[in-house]
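# Results of the structural survey
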Amino acid sequence: MTVKIYGPTATRAMRALWIVRELGIPYEHVPIEMKDLKGAEYLKVNPNGKIPAMVDGEFKLFESMAINLYLAAKYGKNGLFPVSLEDQALCYQWSFWGMTEVEKPLLTILIDQFMTPPDKRKPEAVTEAQNALPKPFAVLDGALKNREYLLGDSFTVADLNLASICSWAKPIKFDFGPFPNVAAWLQRCLDRPAYKAARK
Ligand SMILES: N[C@@H](CCC(=O)N[C@@H](CS)C(=O)NCC(=O)O)C(=O)O
């Protein structure tokens with residue numbers, strides 16, 4: 001059975017497209033367009049009318065982080081999903097943390113810079129978002145001190161999920177000067193062949 005991933009590459013679907021490449025499993029990419037998300041057909045896949053969504057046989061799942069944690073747990077034979085309960089919990093921790101602490105401010109800036117006409121931009125919201133980022137990035141920088149990846153020496157779904165969120169810092173040219181460990185880790189993750197292949 002082939003896993004189906006719904007959503008264009010230039011969206012959060014990229015996260016799922018990255019992990020299927022890392023896992024080396026067969027998959028079908030359904031690049032449903034934004035205009036079709038609220039159509040009856042797609043609402044049967046994801047009743048939220050959002051992307052990404054994943055279908056694995058009869059099983060349907062939405063929420064990008066849940067999709068990736070599921071795929072890693074089910075198909076991860078190469079250490080992408082760690083063995084110990086504690087390490088698995090750390091994968092949940094960094095995935096949820098990325099969604100709650102980092103994603104919104106980065107997205108606010110990204111949308112303002114690239115998807116909002118100049119007369120509709122909200123500099124105050126951007127300033128608030130910029131002010132929100134140093135605190136979590138300082139935490140992340142500390143967590144990455146003297147280690148290549150979040151859990152230690154090897155790349156896991158924790159890195160993939162969090163790096164997929166932090167990748168939005170690149171187009172907005174976020175200044176990682178004060179966070180050199182984050183900058184090096186992010187580049188390490190985004191240099192992976194599976195990431196590059198998924199972006200094509
Ligand atoms: N928390 C969700 C967010 C899903 C989401 O908002 N996706 C965007 C595209 S990146 C979307 O579907 N937007 C269309 C809409 O909200 O109508 C996840 O991570 O999967």
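For the structure itself, look to the data block above.
An account of the accompanying structure is given in this report. This structure is a prediction, so every number in the text was calculated from the model and none was measured.

Right, let's talk about the overall build of the protein chain for a bit. On a plain count of helices and strands, the protein chain comes out with nine helices and four strands. What you see in the protein chain, going N to C, is helices and strands ordered as β-α-β-α-β-β-α-α-α-α-α-α-α. Taken along the three principal axes of its C-alpha coordinates, the protein chain extends 45 × 45 × 25 Å. Within the protein chain, the fraction of its 200 residues that count as buried is 46%. Here the analysis covers contacts within the protein chain between residues at least 6 apart in sequence; of these, 65% occur between residues at least 24 apart. Surface summary for the protein chain: the accessible area is close to 10,600 Å², and the carbon and sulfur share equals 56%.

Ranked by internal contacts, the top residues of the largest apolar core, which has 59 residues, are Trp-18, Leu-71, Leu-106, Phe-137, Leu-140, Leu-150 and Trp-185. Per element, the largest residue contribution to this core is eight residues, and it comes from helix H4 (residues 85–114). When we break this core down by domain, the ones giving at least three residues each are domain 1 (3–75) and domain 2 (85–199). For Leu-150, the contacting residues outside a window of four places in its chain are Trp-94, Leu-140, Leu-144, Ala-158, Asp-159, Leu-162 and Trp-185. Core analysis: the next-biggest nonpolar cluster, separate from the first, contains eight residues, Tyr-6, Val-45, Ala-53 and Val-55 among them.

This part takes up helix H1 (residues 13–23). Taking burial as the measure, the 11 residues of H1 include 10 buried ones, the bulk of the element. The complete set of buried residues in H1 reads Ala-13, Met-14, Arg-15, Ala-16, Leu-17, Trp-18, Ile-19, Val-20, Glu-22 and Leu-23. Positive phi shows up at Gly-24, right after H1, with a value of about 70 degrees.

Attention shifts here to the packing of H4 against helix H7 (residues 157–166). Interhelical geometry of H4 versus H7 gives an angle of 0 degrees and a closest axis separation of 9 Å. As judged from the angle between their axes, H4 and H7 are roughly parallel. Only Val-157, Ala-158, Asn-161, Leu-162, Ile-165 and Cys-166 of H7 make contact with H4, whose side of the interface consists of Leu-90, Cys-91, Trp-94, Ser-95, Trp-97, Gly-98, Met-99, Val-102, Glu-103 and Leu-106. In the contact of H4 with H7, the residues fall into 12 nonpolar, three polar and one charged.

Calculation notes
- Counting restarts for each chain: residues are numbered from 1 in the order of the written sequence.
- Local features in this predicted model are restricted to residues of pLDDT 70 or higher, and side-chain atom pairs are both shown and tallied only at a pLDDT of 80 or more, whereas totals for entire chains, interfaces and linings draw on every residue.
- Excluded from the side-chain calculation are hydrogens and water; included are all heavy atoms of the structure.
- Numbering goes from the N terminus for both helices and strands, where a helix is a DSSP run of H or I of at least four residues and a strand is a run of E of at least two.
- Here's how the labels work: a residue is buried when its accessible area is under 20% of the maximum for its type, exposed when over 50%, partly exposed in between, all with a 1.4 Å probe on protein chains only.
- Note on contacts: a residue pair qualifies if any of its non-hydrogen atoms lie within 4.5 Å across the two residues.
- Accessible areas in this description were obtained via Shrake-Rupley with a 1.4 Å probe; residue shielding takes into account the shown protein chains only.
- To form a nonpolar core, buried Ala, Val, Leu, Ile, Met, Phe, Trp, Tyr and Cys residues must be joined to one another through side-chain atoms within 4.5 Å.
- Each domain's extent is set by a domain assignment, obtained either automatically or from a database.
- Here an axis means a line fitted to C-alpha atoms, over the contact stretch when the element is a helix, while the angle between two N-to-C directions is reported on a 0 to 180 degree scale.
- Each angle receives one of four descriptions, namely roughly parallel if under 35 degrees, roughly antiparallel if over 145, roughly perpendicular if within 65 to 115, and oblique otherwise.
- Side-chain classes are defined by residue name, with Ala, Val, Leu, Ile, Met, Phe, Trp, Tyr, Cys and Pro counting as nonpolar, Asp, Glu, Lys and Arg as charged, and the others, Gly among them, as polar.

Purely geometric stuff here, so don't read any function into it on its own.
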